[in-house]
Amino acid sequence: MTGQRSSSQQTDRQLRLLVGLVACSAALVLLAAVTVAVLHPVAFDQLMQVVALTGLVTLTSLAQVHVRIRSNLQSVHWADAALLVAAVLLPVHWAIICATAGTFIVKVIQRPQPGPLKFAFAVAKQTITCAIAALIVNINGSVATEPLAHLQLLAIAFAAAFLADELLVTPVIALASRTRARDRFLAHLDLRVIAAVVRFAVAVLALAVLSQEPQLLIAIPAIVLSLQLTYRGKLRARAERLAWQQLAEATDAMNVVQMETVLHTAVHNGARLFSADRVEIEVSLDGAQQLVRGSQGEITYHAAPDQGTVDPDTTAVVALVGDNDGERVGELRLCFQAPVALSEREQFTLRAFAGALCTAIRNATSYAQLEHLAGQHQHDATHDLLTGLPNRRRLQLDTEDALDRRRGGRGVTALLVLDLNHFKDVNDALGHAAGDQVLIAVAQRLSAAAGPEALVTRLGGDEFAVLLRQLPAPALALYQAEHLLSTLHEPVDVDGMPLVVSASAGVATAPSEGGFVELLRRADIAMYQAKRTGCSVASYAPDNDTADRARLVVGGMLPRAVAEKEFILQFQPIVDLASGEPISAEALARWQHPDKGMVDPRSFLGSIERSGLLTAFTDAVLDQALAGAARWRELGCRWPVAVNISPRSLLDRRLPALVTRRLDDHGLPGDALVLELTESHTVSQLDIVDKVLAELAELGCMIALDDFGTGYSSLSVLSRVPAKELKIDRSFVMQMENTPSAAAVVRSHLELGRHLDLLVVAEGVERESQRRMLWDLGCTAGQGHLFAKPMPLDEVLALVSADDGPVRLAEPLHDPTAVVRMPAKRNPGRISRTTGTGGGERVSDSTT
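The numbers attached to residues start from 1 for each chain and follow its sequence in the written order. Only residues with pLDDT of 70 or above have their local features reported here, since the model is predicted, and side-chain atom pairs are shown and tallied only from 80 upward, although totals for entire chains, interfaces and linings are computed over all residues. Note: side-chain values were computed over all heavy atoms of the structure, leaving out hydrogens and water.

Q: Help me get a handle on the packing of aromatic side chains, residues and values and all.
A: Describing an aromatic ring pair means giving the distance of the ring centres and the angle of the ring planes. Aromatic pairs are defined between Phe, Tyr and Trp rings, using the six-membered ring for Trp, whenever the two ring centres lie within 6.5 Å; interplanar angles under 30 degrees are classed as stacked, those over 60 as edge-to-face, and all others as tilted. Enumeration over the complete set of coordinates arrives at 5 aromatic pairs. Between Phe 567 and Phe 617, the aromatic rings sit 5.0 Å apart at their centres with planes inclined by 80°, giving edge-to-face as the arrangement. One end of the pair, Phe 567, is in strand S15 (residues 567-576); the other, Phe 617, is in helix H19 (residues 614-634), with 50 residues separating them in the sequence. Like Phe 567, the residue Phe 617 is buried in the burial classification. A ring pair is formed by Phe 571 and Trp 632, whose centres lie 5.5 Å apart and whose planes are at 85°; its orientation type is edge-to-face. Taken together, the positions of Phe 571 in strand S15 and Trp 632 in helix H19 put the pair 61 residues apart, joining distant regions of the chain. By definition, any uninterrupted DSSP run of H or I lasting at least four residues is a helix, any uninterrupted run of E lasting at least two residues is a strand, and each is numbered from the N terminus. Accessible area is worked out with a 1.4 Å probe on protein chains only. A residue is then buried under 20% of its type maximum, exposed over 50%, and partly exposed in between.

So this is what it looks like as structure tokens:
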């Protein structure tokens, strides 16, 4: 405040000095004019002309348009036009006296009367500008008789007077309003120049009328009035447009969430928008009481309200009140150096600005409260509410940060997991309140003993963890763990009862891979190892880690794999053993992982069955399999396609609807699909399975029993499932040449299929000798690497579209013309492209 007062005093001194300089110059000019007038008296008629022109100057000076700049008014009037007329019609000294007298009269009769400084400056300014114009005009003494003939001279005189007026007024207004002179000069410059040109034209018109037709002067006032109203309207329209533009900019600038930014922006823009010398904003909300004071260029005060007095004469006060609830937010004050009457437009703009400011303050307050709550919630999210220690989430963040730092420098990062022994006995015997006291005491002791470099956390229950960072050697982690456990030897006082607390701890150093999750897992394993061995502390040893992580990792990746459709199908044909021609194809699901490449099906099929992804996976396999079947049907092959269905899928009543939808999507009949089932308790014992299988059979889908003979109740499955196909498991086919029992199983399968009218397919046919043995035993269809390995759909289509005759994957066992083939007991719908005989195609999510 002291600096501001000193700056204001310095500005006032500069203003008085400048006005005094102008006033002294004008006084010298006026003194010279009066001296000449006294020495050279004029006739009565010329004296009357002086009086008349003095009255004209007075009247034109009263026709003003005011522009407020802070607490100062800048007036634009018609006096310069009258002064030009006086300069032409009167001698120089009388023109100066006329300008001085007319301006003096105007300032005397104005209400409210200006201060002495303004009074002296206004009179002095008019005296000087009139003197300049009169001196230029009187270079040629015949201007009065023929004004139009000296139009250029008149223009020069008027322009000189106008420029002198601007040069005198601009610095004075800038000093008085504490604004930049350049801004004051450029403000409305175009309108001021246009108005000056119009006034010059009116002055020339008046001179021409006086020289030619004096009686037409009666029209001049009407012209002046019309032009004055036009200029005032344009100036007002521009001021209103500029005000609304600045209001919009000011409102947008307050659309922020930080309270300090809102208040500072409002002070700067409020001072600019309302041309105020100072703006004060006082906020009176609970917990946010503050006062901001400043001008357009700077903030001079921002602290608690200082309870200063407010001058109602020089301050416009607007209460900041909420529109909906009427809550008083604070107060907006526009402060001026002198009394100022705001126009109706300014009052309306002020109310709009105050409303926007009120909303911005409340929004900023709400945001501050939310930010505080968010900070509190963030603290709660990373800390344990009972002990105040960081929790598992904070431990993970700090551990990951420590691991990142470790990669770029030296030091060992270790984790200690500590679990209290027999803590359940404390809760059972003394209650959970006593258990909470024990946990709090343990937390305090661990925190005090660990030191500032370690992070002590509570994982949950009676389990704690301590992160040790930048240890010089791994052995120090074990030493630190023993030191921490030693702090628990002293009994813990619980309501006057001493309790001895013991704990087991596991220590692990940071692994090369796996990050926090792997480090915590290793420390946890070490802790349980300590409990099993009865030791207080144990270090992680790989030999004691028997966790099957691969299956868990794969299970974690399955949801994304199903969602991103990373599963693809490969097709393996099933052939007629005699002719070597395909009769169907089995589709095998493969997982093409974007980073790990092809994933072994055995690692994910079991996880899919145990997860909630089975339906989505089955749907994806059905969709791709039937899409392939539709493609080769377009090429003339009516091979059906089979999908290996998990027995768990038969418990889903939606399975028939899912199959129907996919068949309709690809325009295929039901007999284009074979559903392979692996026998199990699920298939044989639950009634809901019978309903699902019956609905699938009604659709025309064929059922095949896969891996027959390896399950639980093969014969009971055959009695309940409407199967059309039986598949001999590859394990029997691979051993039947050397193992009589395996050959007997194959033979029994074939006899069973023959009696039940089932197509029997042998899996795992890899040698020609196996093919011939199967044929001799009565098997008509086989599948295996002897004929074809699983292949992508494009290769299947290329095989089908070849133009070199029937598709044949092996040489015929006999000359077709020398063998009489008996009709195969197969579904007549399953027709080969070339032979028209039986065959079937299947889609599977398992490997052969």
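Q: Can you lay out the sheet that holds strand S7 (residues 328-335) for me, pointing to particular residues and giving the numbers?
A: In this analysis, strands are considered paired if DSSP registers two or more bridges between them. Read from one edge of the open sheet, 5 strands run S5-S4-S3-S7-S6, paired in antiparallel fashion. Both edges of this open sheet fall to strand S5 (299-303) and strand S6 (315-321), since each of them pairs with a single strand only. Between one strand and the next, the sheet's axes are offset by a mean angle of 10°, whatever the strand orientation. As paired strands, strand S3 (residues 278-283) and strand S4 (residues 290-294) are joined by 5 bridges and run antiparallel to one another. Bridge assignment links Ile 281 to a residue of S4, and that residue is Val 292. The axes used here are C-alpha line fits, helices contributing only the stretch in contact, and every angle between their N-to-C directions lies in the interval 0 to 180 degrees.

Q: Describe H19, with residues and values.
A: The span one expects for a helix is its residue count, reduced by one, times 1.5 Å. In this model, H19 (21 residues) spans 30 Å end to end at C-alpha, consistent with the 30 Å of a helix rising 1.5 Å per residue. Within H19, burial applies to Leu 614, Phe 617, Thr 618, Asp 619, Val 621, Leu 622, Ala 625, Leu 626, Gly 628, Ala 629, Ala 630 and Trp 632.

Q: I'd like a description of the pattern of salt bridges, backed by residues and values.
A: Here a salt bridge means any side-chain nitrogen of Lys or Arg lying within 4 Å of a carboxyl oxygen belonging to Asp or Glu. The tally for this structure, following the rule as stated, stands at 28 salt bridges. As a salt-bridge pair, Glu 280 and Arg 333 come within 2.9 Å of each other at their nearest N and O atoms. Remark: Arg 333 occurs in strand S7 and Glu 280 occurs in strand S3; sequence separation between them is 53 residues. Residue Glu 280 shares its accessibility class with Arg 333, and that shared class is buried. Between Arg 521 and Glu 518 there is a salt bridge whose closest N-O contact spans 2.8 Å. Pair noted here: Arg 521 and Glu 518 are both in helix H16 (residues 515-533), with a separation of 3 residues, about one helical turn. Side by side, Arg 521 and Glu 518 carry an identical accessibility label, which is buried.

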